[in-house]
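# Summary of structural features
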Protein chains: 2
Amino acid sequence: MDSATATSVESSPGSLIRRRETTTALPESNIPASKPNEDRQKTFLRKYRHVAAVHSRSRPSTLSHDTQVTPSFVGFRNLMVIVLVVGNLRLVIENMQKYGNLICLTCHDFRRKDVLLGLILYVLVPCHLFIAYLLELVAARQARISRAQSIARGGSTSPTKDQQATFQSMWSSIRKAHLSNATLALAVHSWVVYFHIHHPLIGTITELHVIIVYMKVLSYALTNRDLRHAYLHPVKGELAALPEIYASCPYPENITMGNLTYFWWAPTLIYQPVYPRSEKIRWVFVLKRLGETACLSVFIWFCSAQYAAPVLWNSLDKMHSLDFVSIVERLLKLSTISLVIWLAGFFALFQSSLNALAEVMRFGDRSFYDDWWNSAGLGEYWRLWNKPVYQFMKRHIFSPLVSRGFRLSTASLIVFFASAVLHELLVGVPTKNILGSYTAYRSSTSTNILLGVAFLGMLIQIPLIWITHPLEKMKGPNGKLIGNVIFWVSFTILGQPFAALVYFYAWQAKYGSVSKRMGINEPSAPLELR
Amino acid sequence: MDSATATSVESSPGSLIRRRETTTALPESNIPASKPNEDRQKTFLRKYRHVAAVHSRSRPSTLSHDTQVTPSFVGFRNLMVIVLVVGNLRLVIENMQKYGNLICLTCHDFRRKDVLLGLILYVLVPCHLFIAYLLELVAARQARISRAQSIARGGSTSPTKDQQATFQSMWSSIRKAHLSNATLALAVHSWVVYFHIHHPLIGTITELHVIIVYMKVLSYALTNRDLRHAYLHPVKGELAALPEIYASCPYPENITMGNLTYFWWAPTLIYQPVYPRSEKIRWVFVLKRLGETACLSVFIWFCSAQYAAPVLWNSLDKMHSLDFVSIVERLLKLSTISLVIWLAGFFALFQSSLNALAEVMRFGDRSFYDDWWNSAGLGEYWRLWNKPVYQFMKRHIFSPLVSRGFRLSTASLIVFFASAVLHELLVGVPTKNILGSYTAYRSSTSTNILLGVAFLGMLIQIPLIWITHPLEKMKGPNGKLIGNVIFWVSFTILGQPFAALVYFYAWQAKYGSVSKRMGINEPSAPLELR
């Protein structure tokens, strides 16, 4: 060792500080902690720099099973997000190179008749709610008289046999009227959409409106039926057992125009005389939510036209020739973009729009969904993702069936069946593909495909729910992980894009080119594009 | 309400149990907990099934900023993994449809001369370690005599000026000999690889071997120099300050053939007279690690031939015409597969192979890497991913420079320069592309590209390390997240595939078709494939 250098090192206070830093930075953590020892070590390290015992103790590798502490993998999570982004960036470049710009603002085909009919239905459909209101108004007047008579007859609170008979006969006619009203609401308007509205977007919005009003009418009628029964049979403290929140507006005070109008606009399918309300309207909150909705809608439209449409076009001949491997390849290609559209659509509808509406209506209960993305099975998913519909099904179909002695599984099946019918209406009516088989387009070969995919898609999930049910109940994280993976794969990766493929194919089979109507430039030779 | 039904419900005990389940399953958690109230509630729910207050309190949406509890997003983590797998499955199908099978077991081009030379070098290279041993043997004999004289001269432990002079002159000649030995080891064998081994794989393995032996020779010489100095200058308790682990084999007892042979095979680049050892060899462990290595090697070879090779082929004309957008598109396409190969290669080398070797050698310190995937910057990455080289650089270059008074940043720069030279040797020598510019192939246009990419790639990281350094020190998780993303993007997503592209292009520019040599069927019209 060069002793001159050693001296110069020792005489420079600056280098001493730096040296301490170096010593601290050494990876060895087993240097004796006592002060004199440390000093000796430091002197030593200064002089004998190539001797340090780097390998001073036995240690397993970080990823080895011998390690006691599992290392953090947060870096790999970051990597996954990056790879997803990069992977899609690449697809964006590839898409641009292949197709150029497919967005066309003026290529829609909103026919005059479609727009007119859509507007007329938009006004007509809610009228059924008002018909339901009028029916309830009559029933409430009857009930008031009945109750007054009962009190006049000696103030007895328990109903006489006479009263029960009156209630039964009254309810029988009111029920018939409600049923006709609700059925008409659903049937007539669906018929109009199916046969007279050509544009799928206008059709879907109108059909969605029809179904929502249908469910609201049912909930309004059923809830008021039970409230009226409690009003007429004030026995055994049952009135006191009504939910406390209803106390501020007891039956029949709730049968007013204002109360109905609130229910009409409230973001729920369940009628309650009283809802939890928020203090005031935060207009900034509303604007933010509306901004999100607008941006996401544009994003969804862009994704559909630029990315989903070419994949759908290119799948037509694969579907036609039933080339299984190619169909799977198309499915997988479609699954990414359909997943993105699905997530954006979910957020736009259930988070942004419904929260904006709830804020304006000062509607307190914003629990429109729960953390369905963590669900450990399909059953849990259906309970969590769309709580307005789930709550409706539970309150007005499932619970009544169970309390009438139906088995839980039977009640679940019936709920699923009802749900499947509604899904089929919502998707099948605007696209004119109600349950049935069609001869595929290009009739040179006659491939028959069965439709009613939304309906079958719902029913097919019943075995999957049964399979994943035990996984939901498992205690460790593994069962939940497997269930969650089954949910994602069956529902998002395979189910949705498959349904999209089939409906697109069926539409093409029936109407030929949809391109102009959907706002897409039809490629001149779509089947050659890959 | 139908009272007959109500009675039948009440008389069935089975349905009562089911009903309790239903009540429990209701989402409301604010049902009064007191027992009589609960019973009343139950009776009530049985009778008035459509009245339940589903919206009983104000709640924010799960994803709303108003929520107190952040929901778990573990489901989205699962989704990301699925999307990655599915995305790559799709690429696998696409690749199969486009190219068919590109794997060819008999298409390699291991020339007889290459194999022979590789084998000869495999035997010759370690000889330099034995030359270093012989030099140390001479030095140790000298030192023993010197020390004996010193003790004989009165038992004084502090060295006389005479002794110091002897040590200096002896070290001077030993140093010259060691330096010639190490330089010869590096230079001669690199020369042979560059000019006489054509196959890049054989070349890379040989060059790696050369560099490892070069570093081992240096470490052996420098460590023994310091040990000898301590042996000859037993002052101020410095001998006691030597690492405790060395006590069992003090200098010059460590200068034996057995000790050197252990260092030769030990999975480290740092010489220590004594290493921490494990108790016994677990042969099952060794077999598992070897199995991993074999499987991963096959996997890497498969990925390279089937997935990376076509992308590289298709990038040739893009590189040639410097079509920037297309080069980026190629880079992004290559980045996924190069990332997979990189991770598999890392695991195969640093986890599986080195652990197998360490187990056989009963080498205790298995810390060949740390959790580099979490590193918050490039500096941290280089400290963590390859600890044998990092420890060598720190012990034999960085620490000595700092203790001689160099600034930390200067020392870092020098380490990086040394590291860059070694990288350039490792990549540039076997592919015959040492720093320099070549006229690109298809000499119709004369595009010049600068090589020495590995060298420049290392140097370019210095500013990136400076940029990410403050991020590593930040306290919150955000700085670390940003640093981690910068690390992944700059290194894995852009750096590695870019280097691969450039080297492949340069090789093609110099040698034309590499297909047969690399075990790839050259596509008949590679530039038309996309």
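For the structure, check the block above.
Described in the following lines is the structure provided in the data block. (Residues numbered from 1 in each chain as written. Chains lettered and ligands numbered in written order. Predicted model: local features only at pLDDT ≥ 70, side-chain atom pairs only at ≥ 80, totals over all residues. Heavy atoms only, no water.)

### Let's talk about the overall build of chain A
When helices and strands are tallied, chain A shows 16 helices and 4 strands. Residues classed as buried in chain A amount to 52% of the 530 residues present. In chain A, the proportion of contacts linking residues at least 24 apart, taken out of those at least 6 apart, comes to 77%. Just so you have it, chain A exposes about 24400 Å², and 68% of that area is on carbon and sulfur atoms. (Helix = DSSP H or I, 4+ residues; strand = E, 2+ residues; numbered from the N terminus. Buried < 20%, exposed > 50% of the residue type's maximum accessible area, 1.4 Å probe, protein only. Contact = heavy atoms within 4.5 Å. Areas by Shrake-Rupley, 256 points an atom, 1.4 Å probe, with all protein chains shown as cover.)

### Re the relation of the copies chain A and chain B
Comparison of the two chain copies shows a relationship of rotation about an axis with a shift along it. Take chain A, turn it by 180°, move it 0.0 Å along the axis, and it overlays chain B with an RMSD of 0.1 Å. Such a combination of rotation and displacement between the chain copies is what one expects of a two-fold axis. The residues that chain A uses at the interface reappear at the interface of chain B in 99% of cases, marking a shared surface. (Least-squares fit on C-alpha atoms with pLDDT ≥ 70 in both.)

### Some details on the nonpolar core
Grouped together as the largest cluster of nonpolar side chains are 91 residues, with contacts concentrated most on Y220, W372, Y381, W382, W385 and W488 of chain B. For this core, the element with the most residues is helix α8 (residues 200-232) of chain B, which contributes 11 residues. (Core = buried A, V, L, I, M, F, W, Y, C linked by side-chain atoms within 4.5 Å.)

### Here's the deal with the interface of chain A and chain B
Facing 127 residues of chain A, the contacting portion of chain B comprises 127 residues. For the pair chain A and chain B, the two sides together bury roughly 11200 Å², of which 60% comes from carbon and sulfur. Between D365 of chain B and R59 of chain A there is a salt bridge, and its shortest N-O distance comes to 2.8 Å. Inspection of the chain A/chain B interface yields 53 residue pairs in polar contact (both at pLDDT 80 or more). Grouping the amino acids of the side of chain A that touches chain B by side-chain chemistry returns 62 nonpolar, 35 polar and 30 charged. (Buried area = accessible area lost by both parts, 1.4 Å probe. Salt bridge = Lys/Arg side-chain N within 4 Å of Asp/Glu carboxyl O. Polar contact = N/O pair within 3.5 Å; in protein donor to acceptor, adjacent residues only side chain to side chain. Nonpolar A, V, L, I, M, F, W, Y, C, P; charged D, E, K, R; others polar.)

### A word on the side chain of Q272 of chain A
By the secondary structure assignment, Q272 of chain A is in the loop between α9 (257-265) and α10 (283-321). In this structure the side chain of Q272 of chain A is engaged in a polar contact, spanning 2.6 Å, whose partner is the backbone nitrogen of H55 of chain B. Not counting residues up to four positions away in its chain, the partners in contact with Q272 of chain A are Y246 and R395 of chain A together with A52, A53, V54 and H55 of chain B.

### Digging into the packing of aromatic side chains
Applying the stated rule across the entire model yields 74 aromatic pairs over all chains. Centroid distance F487 of chain A to F491 of chain A: 6.0 Å. Interplanar angle 15°. Geometry classified as stacked. Taken as a pair, F487 of chain A and F491 of chain A lie in helix α16 (residues 477-511) at a separation of 4 residues, close to a single helical turn. Ring geometry for W342 of chain B against F491 of chain B: centres 5.7 Å apart, planes inclined by 70°, an arrangement best described as edge-to-face. (Phe/Tyr/Trp six-rings, centres within 6.5 Å; stacked < 30°, edge-to-face > 60°.)

### Brief notes about the pattern of salt bridges
Pairing of side chains with opposite charge becomes possible as their charged atoms draw close. Inspection of the entire model under this criterion finds 17 salt bridges over all chains. Between D317 of chain A and K318 of chain A there is a salt bridge, with its nearest N and O atoms 3.7 Å apart. With relative accessibility at 13%, the residue K318 of chain A sits in the buried group. Residues E292 of chain B and R289 of chain B are paired through a salt bridge, measuring 3.0 Å at the closest nitrogen-oxygen approach. Taken together, the residues span about one helical turn, with E292 of chain B and R289 of chain B both in helix α10 (residues 283-321) at a distance of 3 residues. On the accessibility criterion, E292 of chain B (24% relative accessible area) is partly exposed.

### Some points on α16 of chain A
Three or four residues apart is the spacing at which side chains of an α-helix point the same way, because the helix has 3.6 residues per turn. Between the first and last C-alpha of α16 of chain A there are 49 Å, a value that for 35 residues agrees with the 51 Å anticipated at 1.5 Å per step. Most pronounced at G495 of chain A, the bend in α16 of chain A amounts to some 35°, and the proline P497 of chain A follows within four residues. (Expected span 1.5 Å × (residues − 1). Bend = angle between axes of the 7 residues up to and from the residue.)

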